[in-house]
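Residues per chain, in single letters:
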Amino acid sequence: KTNKLLPIVIICGLILIGVFAICKLLFNYIKSNALLTPDKAEAILKERDELYKGINTPHPYCGKVSEDRITDEISQDSQSNQQYYIVYWSLSSEFQSYNQLLNFISDNMTDKLIQKLKSKKYKTFNNKMYIEKDNKLYCGHIGAVGDPPQKNTLYRINEYNDTTIIGTVTDIYGVYGANSNDYTKKYDIILVKENGLWKIDSYEVNENN
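Residues numbered from 1 in each chain as written. Predicted model: local features only at pLDDT ≥ 70, side-chain atom pairs only at ≥ 80, totals over all residues. Heavy atoms only, no water.

### A word on the side chain of His 141
1) Next: Checked against the element boundaries, His 141 lands in strand 4 (residues 136-141).
2) Next: For His 141, a relative accessible area of 12% puts it in the buried group.
3) Next: At 2.9 Å, the side chain of His 141 and the side chain of Ser 90 are in polar contact.
4) Next: Those residues in contact with His 141, other than ones at most four positions away along the chain, are His 59, Tyr 85, Ile 86, Val 87, Tyr 88, Trp 89 and Ser 90. (Helix = DSSP H or I, 4+ residues; strand = E, 2+ residues; numbered from the N terminus. Buried < 20%, exposed > 50% of the residue type's maximum accessible area, 1.4 Å probe, protein only. Polar contact = N/O pair within 3.5 Å; in protein donor to acceptor, adjacent residues only side chain to side chain. Contact = heavy atoms within 4.5 Å.)

### Looking at the nonpolar core
1) Next: Formed by 38 residues in total, the largest nonpolar core has its most connected members in Ile 55, Met 109, Leu 117, Tyr 130, Leu 191 and Ile 200.
2) Next: The element contributing the most residues to this core is helix 2 (residues 38-55), with six residues.
3) Next: Residues contacting Tyr 130, with those up to four places away along its chain left out, are Pro 60, Tyr 61, Trp 89, Tyr 98, Leu 101, Lys 123, Thr 124, Leu 137, Tyr 138 and Cys 139. (Core = buried A, V, L, I, M, F, W, Y, C linked by side-chain atoms within 4.5 Å.)

### Brief notes about the packing of aromatic side chains
1) Next: Here the structure, examined in full by the defined rule, presents six aromatic pairs.
2) Next: Ring centres of Tyr 98 and Tyr 130 lie 4.7 Å apart, and the angle between their planes is 40 degrees; on these two criteria the pair is classed as tilted. Here Tyr 130 lies in strand 3 (residues 130-133) and Tyr 98 lies in helix 4 (residues 98-108), a separation of 32 residues in the sequence. Side by side, Tyr 98 and Tyr 130 carry an identical accessibility label, which is buried.
3) Next: Between Tyr 187 and Tyr 203, the aromatic rings sit 5.3 Å apart at their centres with planes inclined by 40 degrees, giving tilted as the arrangement. Here the residue Tyr 187 occupies a position in strand 7 (residues 183-194), and Tyr 203 occupies one in strand 8 (residues 197-205), the gap between them amounting to 16 residues.
4) Next: According to the relative accessible area criterion, Tyr 187 is buried, its value standing at 15%. (Phe/Tyr/Trp six-rings, centres within 6.5 Å; stacked < 30°, edge-to-face > 60°.)

Taken by themselves, the reported measurements are silent on function.
Rendered as structure tokens:
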């Protein structure tokens, strides 16, 4: 009798394990996807927009920095960089190595977009703009002229679901002079979810700007 009950017990145990595994996967799916709200989607869009803008500059992306300008501490190391004239260096408080910085970018941008930015020769993807020393990462800055001061940024979510966020970013710039008016720049952004991570897949100028 015991031998006859054993297969039944084993089968019931396997069924319970299967049900538990399915419930756990369903719970994780609901937790990571169904709880996405417009506010959360906007917060994700804002974070990725700020990263993209940090890369889309004449200077290399450095993340958060612990000091505004550093020169003497790594002056001898910077002499080997002949490609650009480095005005000053920033010490990253977010990354300890160049590879760590690149991995962070890969976690927030699709390979397609990264290759597009590399083809445009953004400074972030030039390792000569960085120096690693004593487990610290220094980012070089060159002299460059940018846009007028940015006064505000507006975010709008056009569409979102479990795997895609589509939004519009509007940058509002103030210009110098009492008789000058503010002007805006708009961008259309598409985020996709890959392996549980929200990544920028497309970042384009809004043609209706």
